Amino acid sequence: MSGMVIIGCGQAGGQAAASLRQEKYGGPITMVGAEQYIPYQRPPLSKQYLSGEQEKGKLNLRQESFYSDKDINLVLETEALSVDSQAKEVTLATGEILPYDKLLIATGGRPRKLEIDGSSLSGIHYLRTISDVDLIRKQMNESQHLVIVGGGYIGLEVASVAVKKGLAVSVLEMEDRVLERVTTEEMSAFYDKLHSDQGVQILTSTRATAFKGEERVEAVVCGSQSIKADLVIVGIGILPNIEIAESANLAVDNGIVVDERCMTSNEHIFAAGDCMNHPNPLLGRRLRLESVPNAMEQGRVAASNMLGGDKIYAAMPWFWSDQYDHKLQMVGFSKESEHSVIRGDIESKCFTVFYLKDEVVVAADAVNNPKEFMASKQLVGKKVSAQSLADTNTELKTLLS
């Protein structure tokens, strides 16, 4: 019997399944996931779960009973091998064939691998799944020197956990500054100092060229420099999982290409989350996002349109990062601005940076400032004077009209 099939048990797929039932769909729903776990949240993996503050069960998007109560069939620890878009069938690694009326591809992404000499040594890890973190946590307890390759958000979040556990931590970033690909110089400088003050060694303009060791990693080579390491975590980006889409002959370009309704180049197949490339009418361009709010909302939009709806996905991207006791919340893309305005005192570690282009707010970064972040999300796209934004005596909500 055909029905709705979802490939991927991440946050986009999990939300889509729930939304299908919320919208009163009564037919069969089957979710196929390569991991052994029911849909769970990934953001805490590099933060609270890695530190041990959050238990495994607390990661779940919904209780396990939700899926049985809602008659959602979970096929776990099983890979979907291919899609026959003509026959409308999914072939699983077990040999089972799942027919579908509508298919959602929510396969997410996988870590970009660092292929250098010594990369197969034990003690070198990538952080993407619960199983990855379980192994990293175990080895953290046995290690003294951690080297993190990649100064992005994941790398810095891991550094903040590891240094608290007493490890000597070095972060290697090949660019001129940490977070260079995602934020501006002020924010890079803030986070560089935040970590350096905690004892983390930040090495910018530094590329890992080899790993050294007998069976387990013992050092990371960076040109003529060698950095002691008995544990390495590589965080150099994510690649979208598009292979299943390619098997269905769908349009692919830095992700699975969809329209504003999350529909692929085949009207019976939809996509959501990290694996898809979508148009954003608010930004006027296409993009692929690795973002939980993005994945969840696309799951809702895709589910509605799989049922014949006409929902459009149009949301301003926002993100967050927890490092030490500090929360960074971001909306928009600061790289697209012409200049920035700092509201508050950076030294106090409670401030907001607004980014403007032609006097229009295009992005904002708020550190330990959730109230102002909520207003900042509403200010994006509005024309506001830099002077008003900088004046802490001016309530941000008064600038919304």
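See the structure shown above.
Residues numbered from 1 in each chain as written. Predicted model: local features only at pLDDT ≥ 70, side-chain atom pairs only at ≥ 80, totals over all residues. Heavy atoms only, no water.

**Here we look at the overall build of the protein**
- When helices and strands are tallied, the protein shows 10 helices and 26 strands.
- For 401 residues, the compact-globule estimate of 2.2 N^0.38 gives 21 Å, and the C-alpha radius of gyration of the protein, at 22 Å, lies within 12% of that figure.
- Surface summary for the protein: the accessible area is close to 17,800 Å², and the carbon and sulfur share equals 46%.
- Of the side-chain charges in the protein, 41 are positive and 53 negative, and the distance between the mean point of each set is 4 Å. (Helix = DSSP H or I, 4+ residues; strand = E, 2+ residues; numbered from the N terminus. Rg over C-alpha atoms; globule rule 2.2 N^0.38 Å. Areas by Shrake-Rupley, 256 points an atom, 1.4 Å probe, with all protein chains shown as cover. Lys, Arg positive; Asp, Glu negative; His and termini not counted. Charge placed at Lys NZ, Arg CZ, Asp CG, Glu CD.)

**Section: helix 4 (residues 130-140)**
- For helix 4, the full list of buried residues reads I130, V133, I136, Q139 and M140.
- In this structure, the buried side of helix 4 is in contact with helix 2 (48-51), strand 9 (124-126), strand 10 (145-149), helix 5 (153-164) and strand 16 (231-234). (Buried < 20%, exposed > 50% of the residue type's maximum accessible area, 1.4 Å probe, protein only. Contact = heavy atoms within 4.5 Å.)

**Topic: the pairing of strand 15 (residues 225-228)**
- Of the strand pairs in this sheet, strand 14 (residues 217-222) and strand 15 are connected by 4 bridges, and their pairing is antiparallel. The residue bridging V221 from the neighbouring strand is S226, located in strand 15. (Pairing = 2+ DSSP bridges.)

**Focus on the layout of surface pockets**
- Roughly 210 Å³ of internal volume is contained in the second largest pocket.
- When residues of the lining of the second largest pocket are traced back to their parent elements, those giving at least two are helix 2, helix 5 and strand 22 (318-323).
- At 4 residues, the largest contribution of residues to the lining of the second largest pocket is made by helix 5.
- Residues belonging to the lining of the second largest pocket are distributed by class as follows: 2 nonpolar, 5 polar and 7 charged. (1 Å grid on protein atoms, 1.4 Å probe; cavity = no way out; pocket = protein on both sides within 12 Å on 5 of 7 lines; lining within 4 Å. Points joined across faces, edges and corners; volume = space filled by probe spheres on them. Nonpolar A, V, L, I, M, F, W, Y, C, P; charged D, E, K, R; others polar.)

**Some details on the packing of aromatic side chains**
- Using the criterion set out here, one finds 7 aromatic pairs in the structure.
- Measuring from centroid to centroid gives 5.1 Å for F190 and F351, while their planes differ by 75°, and the two rings are edge-to-face. You can see F190 sitting in helix 6 (residues 185-197) and its partner F351 sitting in strand 25 (residues 350-357), a full 161 residues away along the chain. Assigned by exposure class, F190 and F351 land together as buried.
- Over the aromatic face of F66 sits the side chain of R62, whose NZ or CZ is 5.3 Å from the ring centroid. (Phe/Tyr/Trp six-rings, centres within 6.5 Å; stacked < 30°, edge-to-face > 60°. Lys NZ or Arg CZ within 6 Å of the ring centre and 35° of its normal.)

**Describing the side chain of S321**
- Within the secondary structure layout, S321 lies in strand 22.
- Taking relative accessible area as the criterion, S321 reaches 0% and is therefore assigned buried.
- In terms of polar contacts, S321 uses its side chain to reach the side chain of E157, at 2.7 Å.
- Setting aside its immediate chain neighbours within four residues, S321 contacts K47, Y153, E157, H326, K327, L328 and M330. (Polar contact = N/O pair within 3.5 Å; in protein donor to acceptor, adjacent residues only side chain to side chain.)

**Quick look at the environment of T392**
- Considering the arrangement of structural elements, one finds T392 in the segment after helix 10 (386-390).
- Setting aside its immediate chain neighbours within four residues, T392 contacts R343 and G344.

**Here we look at the pairing of strand 11 (residues 168-172)**
- Burial runs high along strand 11: 4 of the 5 residues are buried.
- Of the pairings in the sheet, the one linking strand 10 to strand 11 comprises 5 bridges and is parallel in character. Counterpart to L146 in the pairing with strand 11 is V169.
- On the question of chirality, the crossover connecting strand 10 to the parallel strand 11 by way of helix 5 is right-handed.
- Pairing of strand 11 with strand 12 (residues 201-203) involves 3 bridges; the strand directions are parallel. Bridging across to strand 12, S170 finds its partner in Q201.
- You can see the chain leave strand 11, run along helix 6 and come back into strand 12, and the turn it takes is right-handed. (Right-handed = clockwise from strand over helix to strand, strands pointing away.)

**Considerations on the sheet that holds strand 20 (residues 276-280)**
- Taken in spatial order, the 3 strands make up an open sheet running 18-20-21, and their pairing is mixed. Taken across any chain shown, the strands that pair with only one partner, and hence form the sheet edges, are strand 18 (256-257) and strand 21 (285-287).

**Regarding the side chain of S337**
- Along the chain, S337 turns up in the loop between strand 23 (326-332) and strand 24 (339-345).
- Only 2.7 Å separates the side chain of S337 from the backbone oxygen of S334, close enough to count as a polar contact.
- Excluding residues that lie within four positions of it along the chain, S337 makes contacts with Y355, L356, K357 and V362.

**Side note on the packing of helix 1 (residues 11-22) against helix 8 (residues 292-306)**
- Their axes nearest at 7 Å, the elements helix 1 and helix 8 cross at an angle of 35°. Considering only the axes of helix 1 and helix 8, their crossing is right-handed. Contacts from Q11, A12, Q15, A16, S19 and L20 in helix 1 reach V292, A295, M296, G299, R300 and A303 in helix 8.
- Considering only residue class, the contact of helix 1 with helix 8 consists of 7 nonpolar, 4 polar and 1 charged. (Axes fitted to C-alpha atoms, helices over the stretch in contact; angles between N-to-C directions. Left-handed = near helix turned anticlockwise from the far one by under 90°.)

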